[in-house]
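Here are the chains, one letter per residue:
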Amino acid sequence: MEALHPTAKLMQGLQFAASKHRTQRRKDNETPYINHPINVATILAVEGGITDESVLIAALLHDTVEDTDTTFEEIKQHFGVEICEIVREVTDDKSLEKQERKRLQIEHAAMSSFKAKLVKLADKLDNLRDLRRKPPIGWSLERQEQYYVWAKKVVDNMRGTNPVLERELDVIFKEKKLL
Ligand SMILES: Nc1nc2c(ncn2[C@@H]2O[C@H](COP(=O)(O)OP(=O)(O)O)[C@@H](OP(=O)(O)OP(=O)(O)O)[C@H]2O)c(=O)[nH]1
Ligand SMILES: [Mn+2]
(Lines give C-alpha, C1' and ligand atoms only; values in the text may rest on other atoms or scores of the structure.)
(Ligands and ions follow the chains in the order given, each with its own letter.)
Protein backbone atom coordinates (compact mmCIF):
# COMPACT_ATOMS: atom_id res chain seq x y z
CA MET A 1 0.00 0.00 0.00
CA GLU A 2 1.18 3.55 -0.79
CA ALA A 3 2.57 5.43 2.25
CA LEU A 4 -0.16 7.63 3.78
CA HIS A 5 0.12 11.43 3.73
CA PRO A 6 2.08 12.61 6.83
CA THR A 7 -1.02 14.41 8.17
CA ALA A 8 -3.24 11.32 7.87
CA LYS A 9 -3.29 10.49 11.61
CA LEU A 10 -3.82 14.13 12.54
CA MET A 11 -6.78 14.29 10.12
CA GLN A 12 -8.21 11.15 11.76
CA GLY A 13 -7.96 12.91 15.13
CA LEU A 14 -9.73 15.96 13.72
CA GLN A 15 -12.44 13.80 12.12
CA PHE A 16 -12.98 11.83 15.36
CA ALA A 17 -13.20 15.01 17.50
CA ALA A 18 -15.52 16.75 15.02
CA SER A 19 -17.82 13.74 15.01
CA LYS A 20 -17.86 13.46 18.81
CA HIS A 21 -18.51 17.20 19.33
CA ARG A 22 -20.86 17.52 16.33
CA THR A 23 -23.98 18.54 18.30
CA GLN A 24 -22.19 20.81 20.78
CA ARG A 25 -21.66 24.56 20.88
CA ARG A 26 -19.36 26.58 23.14
CA LYS A 27 -20.93 28.60 25.91
CA ASP A 28 -21.51 31.58 23.62
CA ASN A 29 -24.23 29.34 22.17
CA GLU A 30 -22.89 30.09 18.71
CA THR A 31 -19.42 28.74 18.10
CA PRO A 32 -19.29 25.07 17.10
CA TYR A 33 -17.51 23.25 19.93
CA ILE A 34 -14.91 21.71 17.55
CA ASN A 35 -13.42 25.19 17.05
CA HIS A 36 -11.98 24.97 20.59
CA PRO A 37 -9.97 21.72 20.11
CA ILE A 38 -8.84 23.02 16.69
CA ASN A 39 -7.69 26.28 18.35
CA VAL A 40 -5.84 24.35 21.07
CA ALA A 41 -3.98 22.15 18.56
CA THR A 42 -3.21 25.18 16.35
CA ILE A 43 -1.90 27.21 19.32
CA LEU A 44 0.49 24.32 20.09
CA ALA A 45 1.67 23.86 16.49
CA VAL A 46 1.89 27.52 15.40
CA GLU A 47 2.65 29.49 18.59
CA GLY A 48 4.15 26.79 20.77
CA GLY A 49 6.29 25.34 17.98
CA ILE A 50 5.21 21.80 18.92
CA THR A 51 5.98 19.15 16.28
CA ASP A 52 5.14 16.10 18.43
CA GLU A 53 2.15 14.55 16.62
CA SER A 54 0.89 12.78 19.79
CA VAL A 55 0.56 16.14 21.57
CA LEU A 56 -1.30 17.71 18.61
CA ILE A 57 -3.71 14.78 18.31
CA ALA A 58 -4.25 14.69 22.10
CA ALA A 59 -5.09 18.42 21.87
CA LEU A 60 -7.74 17.70 19.21
CA LEU A 61 -9.21 14.95 21.44
CA HIS A 62 -8.69 16.58 24.86
CA ASP A 63 -12.35 17.30 25.70
CA THR A 64 -13.95 14.23 24.06
CA VAL A 65 -14.03 12.00 27.19
CA GLU A 66 -14.92 14.90 29.50
CA ASP A 67 -17.71 16.32 27.34
CA THR A 68 -19.00 13.51 25.06
CA ASP A 69 -19.78 9.75 25.25
CA THR A 70 -16.21 8.91 24.27
CA THR A 71 -14.37 6.38 26.47
CA PHE A 72 -10.63 6.15 27.12
CA GLU A 73 -10.80 2.63 25.62
CA GLU A 74 -12.13 4.08 22.37
CA ILE A 75 -9.30 6.64 22.26
CA LYS A 76 -6.74 3.89 22.92
CA GLN A 77 -8.20 1.66 20.15
CA HIS A 78 -8.14 4.45 17.57
CA PHE A 79 -5.04 6.45 18.54
CA GLY A 80 -2.89 4.31 20.87
CA VAL A 81 -1.97 4.30 24.53
CA GLU A 82 0.31 7.38 24.59
CA ILE A 83 -2.39 9.70 23.22
CA CYS A 84 -4.98 8.04 25.47
CA GLU A 85 -2.85 8.71 28.56
CA ILE A 86 -2.30 12.39 27.67
CA VAL A 87 -6.08 12.81 27.25
CA ARG A 88 -6.63 11.04 30.59
CA GLU A 89 -4.30 13.48 32.34
CA VAL A 90 -6.25 16.50 31.07
CA THR A 91 -9.73 15.05 31.65
CA ASP A 92 -11.75 16.30 34.64
CA ASP A 93 -14.09 13.87 36.37
CA LYS A 94 -17.44 15.57 35.67
CA SER A 95 -19.17 13.34 38.24
CA LEU A 96 -17.37 15.31 40.97
CA GLU A 97 -18.85 18.42 42.57
CA LYS A 98 -17.64 21.50 40.65
CA GLN A 99 -15.54 23.10 43.43
CA GLU A 100 -13.78 19.77 44.04
CA ARG A 101 -13.24 19.28 40.29
CA LYS A 102 -11.71 22.75 39.98
CA ARG A 103 -9.50 22.18 43.06
CA LEU A 104 -8.24 18.91 41.61
CA GLN A 105 -7.38 20.54 38.28
CA ILE A 106 -4.98 22.86 40.14
CA GLU A 107 -3.43 19.93 42.03
CA HIS A 108 -3.15 17.62 38.99
CA ALA A 109 -1.55 20.37 36.91
CA ALA A 110 1.61 20.28 39.06
CA MET A 111 1.95 16.48 38.75
CA SER A 112 1.13 16.24 35.02
CA SER A 113 3.53 14.97 32.38
CA PHE A 114 5.27 17.48 30.12
CA LYS A 115 2.99 16.60 27.19
CA ALA A 116 -0.20 16.94 29.29
CA LYS A 117 1.03 20.34 30.55
CA LEU A 118 1.46 21.50 26.95
CA VAL A 119 -2.15 20.58 26.14
CA LYS A 120 -3.47 22.15 29.36
CA LEU A 121 -1.54 25.41 28.79
CA ALA A 122 -2.90 25.75 25.25
CA ASP A 123 -6.39 24.82 26.53
CA LYS A 124 -6.30 27.56 29.13
CA LEU A 125 -4.91 30.07 26.60
CA ASP A 126 -7.79 29.41 24.20
CA ASN A 127 -10.39 29.58 27.00
CA LEU A 128 -8.97 32.86 28.30
CA ARG A 129 -8.78 34.41 24.82
CA ASP A 130 -12.40 33.28 24.36
CA LEU A 131 -13.43 34.78 27.70
CA ARG A 132 -11.78 38.10 26.74
CA ARG A 133 -13.38 38.04 23.25
CA LYS A 134 -16.90 37.12 24.32
CA PRO A 135 -17.75 35.87 27.86
CA PRO A 136 -20.08 32.82 28.09
CA ILE A 137 -23.77 33.73 28.12
CA GLY A 138 -24.89 34.59 31.62
CA TRP A 139 -21.46 34.91 33.26
CA SER A 140 -21.36 37.82 35.71
CA LEU A 141 -18.23 39.99 35.86
CA GLU A 142 -17.48 38.33 39.19
CA ARG A 143 -17.66 34.83 37.67
CA GLN A 144 -15.39 35.94 34.85
CA GLU A 145 -12.86 37.36 37.34
CA GLN A 146 -13.02 34.13 39.38
CA TYR A 147 -12.27 32.16 36.22
CA TYR A 148 -9.13 34.22 35.48
CA VAL A 149 -7.92 33.80 39.10
CA TRP A 150 -8.53 30.05 39.03
CA ALA A 151 -6.97 29.60 35.57
CA LYS A 152 -3.82 31.42 36.78
CA LYS A 153 -3.50 28.96 39.69
CA VAL A 154 -3.61 26.08 37.19
CA VAL A 155 -1.08 27.79 34.89
CA ASP A 156 1.25 28.70 37.79
CA ASN A 157 1.50 24.97 38.57
CA MET A 158 2.79 24.29 35.04
CA ARG A 159 5.51 26.95 34.68
CA GLY A 160 8.70 26.10 32.83
CA THR A 161 6.90 24.06 30.16
CA ASN A 162 6.67 26.36 27.12
CA PRO A 163 7.91 29.95 27.30
CA VAL A 164 5.83 31.20 24.35
CA LEU A 165 2.50 29.87 25.67
CA GLU A 166 3.30 31.10 29.18
CA ARG A 167 4.20 34.53 27.85
CA GLU A 168 0.91 34.71 25.93
CA LEU A 169 -0.98 33.69 29.08
CA ASP A 170 0.88 36.34 31.11
CA VAL A 171 -0.21 39.02 28.62
CA ILE A 172 -3.80 38.21 29.64
CA PHE A 173 -3.02 37.90 33.36
CA LYS A 174 -1.30 41.33 33.22
CA GLU A 175 -4.36 42.83 31.51
CA LYS A 176 -6.48 41.45 34.36
CA LYS A 177 -3.98 42.88 36.91
CA LEU A 178 -3.26 39.38 38.22
CA LEU A 179 0.44 39.77 37.46
N1 LIG B 1 -14.12 30.68 28.21
C2 LIG B 1 -15.02 29.83 27.68
N3 LIG B 1 -15.11 28.58 28.20
C4 LIG B 1 -16.03 27.76 27.62
C5 LIG B 1 -16.88 28.15 26.56
N6 LIG B 1 -17.66 27.10 26.21
C7 LIG B 1 -17.32 26.08 27.01
N8 LIG B 1 -16.34 26.47 27.85
C9 LIG B 1 -15.74 25.58 28.85
O10 LIG B 1 -16.32 25.95 30.09
C11 LIG B 1 -15.37 25.75 31.12
C12 LIG B 1 -15.46 26.87 32.07
O13 LIG B 1 -16.78 26.89 32.51
P14 LIG B 1 -17.04 26.48 34.03
O15 LIG B 1 -18.48 26.61 34.25
O16 LIG B 1 -16.08 27.24 34.87
O17 LIG B 1 -16.57 24.96 34.09
P18 LIG B 1 -17.37 23.66 33.69
O19 LIG B 1 -18.18 23.97 32.45
O20 LIG B 1 -16.24 22.71 33.44
O21 LIG B 1 -18.21 23.31 34.87
C22 LIG B 1 -14.02 25.70 30.48
O23 LIG B 1 -13.52 24.46 30.87
P24 LIG B 1 -12.16 24.42 31.75
O25 LIG B 1 -12.39 23.54 32.91
O26 LIG B 1 -11.61 25.76 32.02
O27 LIG B 1 -11.18 23.78 30.78
P28 LIG B 1 -11.47 22.39 30.07
O29 LIG B 1 -12.34 21.61 31.01
O30 LIG B 1 -12.14 22.76 28.78
O31 LIG B 1 -10.12 21.82 29.87
C32 LIG B 1 -14.26 25.74 28.99
O33 LIG B 1 -13.61 24.67 28.31
C34 LIG B 1 -16.76 29.48 26.08
O35 LIG B 1 -17.48 29.91 25.17
N36 LIG B 1 -15.82 30.29 26.66
MN1 LIG C 1 -10.83 22.41 26.75
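Residues numbered from 1 in each chain as written. Chains lettered and ligands numbered in written order. Predicted model: local features only at pLDDT ≥ 70, side-chain atom pairs only at ≥ 80, totals over all residues. Heavy atoms only, no water.

Per an unreviewed UniProt entry, the recorded name for the protein is Guanosine-3',5'-bis(diphosphate) 3'-pyrophosphohydrolase MESH1, and the organism is Ceratitis capitata. Database annotation for the protein, UniProt heading Function (unreviewed entry): "ppGpp hydrolyzing enzyme involved in starvation response." (UniProt positions renumbered as here; feature names shortened; annotations may be inferred.)

**Student:** Provide a residue-level description of the side chain of Arg 101, including the pertinent values.
**Tutor:** Position of Arg 101 among the secondary structure elements: in helix 7 (residues 98-111). One buried charged residue, Arg 101, forms no salt bridge at all, with the nearest opposite charge on Asp 92 at 4.5 Å. Beyond its immediate sequence surroundings of up to four residues, Arg 101 is in contact with Asp 92, Asp 93, Lys 94 and Leu 96. (Helix = DSSP H or I, 4+ residues; strand = E, 2+ residues; numbered from the N terminus. Buried < 20%, exposed > 50% of the residue type's maximum accessible area, 1.4 Å probe, protein only. Lys, Arg positive; Asp, Glu negative; His and termini not counted. Salt bridge = Lys/Arg side-chain N within 4 Å of Asp/Glu carboxyl O. Contact = heavy atoms within 4.5 Å.)

**Student:** Can you break down the packing of helix 8 (residues 114-133) against helix 10 (residues 163-175) residue by residue, with the values?
**Tutor:** Viewed as axis vectors pointing N to C, helix 8 and helix 10 meet at an angle of 35°, and their least axial separation amounts to 10 Å. Between helix 8 and helix 10 lies a crossing whose hand is left-handed. For the pair helix 8 and helix 10, contact is made by Leu 118, Leu 121, Ala 122, Lys 124, Leu 125, Leu 128, Arg 129 and Arg 132 and by Leu 165, Glu 166, Glu 168, Leu 169, Ile 172, Phe 173 and Glu 175, respectively. Taken together, the residues of the contact of helix 8 with helix 10 break down into nine nonpolar, no polar and six charged. (Axes fitted to C-alpha atoms, helices over the stretch in contact; angles between N-to-C directions. Left-handed = near helix turned anticlockwise from the far one by under 90°. Nonpolar A, V, L, I, M, F, W, Y, C, P; charged D, E, K, R; others polar.)

**Student:** How would you sum up the site of ligand 1? Please name residues and give values.
**Tutor:** Among the 21 residues in the neighbourhood of ligand 1, the closest are listed as Lys 27, Lys 98, Asp 123, Arg 143 and Tyr 147. One of the backbone nitrogen or oxygen atoms of Asn 127 is found 3.1 Å away from a nitrogen atom of ligand 1. For ligand 1, the accessible surface in isolation is 670 Å², of which the surrounding protein chains cover 93%. At the level of secondary structure, the elements contributing two or more residues to the shell around ligand 1 comprise helix 7, helix 8 and helix 9 (141-156). Sort the elements by how many residues they give to the shell around ligand 1 and helix 8 lands first, with six residues. Per-class residue counts for the shell around ligand 1 are five nonpolar, two polar and 14 charged. (Near = heavy atom within 4 Å. Polar contact = N/O pair within 3.5 Å; in protein donor to acceptor, adjacent residues only side chain to side chain. Areas by Shrake-Rupley, 256 points an atom, 1.4 Å probe, with all protein chains shown as cover.)

**Student:** Any chance you could break down the packing of helix 1 (residues 8-20) against helix 5 (residues 72-79) for me, citing the residues and the numbers?
**Tutor:** Relative to each other, helix 1 and helix 5 sit at 155°, their axes nearing to 11 Å. With respect to helix 5, the element helix 1 is oriented roughly antiparallel. Helix-helix and strand crossings are classified by hand; for helix 1 and helix 5 the assignment is right-handed. Contacts between helix 1 and helix 5 pair Lys 9, Gln 12, Gly 13, Phe 16 and Lys 20 from the former with Glu 74, Ile 75, His 78 and Phe 79 from the latter. (Parallel < 35°, antiparallel > 145°, perpendicular 65-115°, else oblique.)

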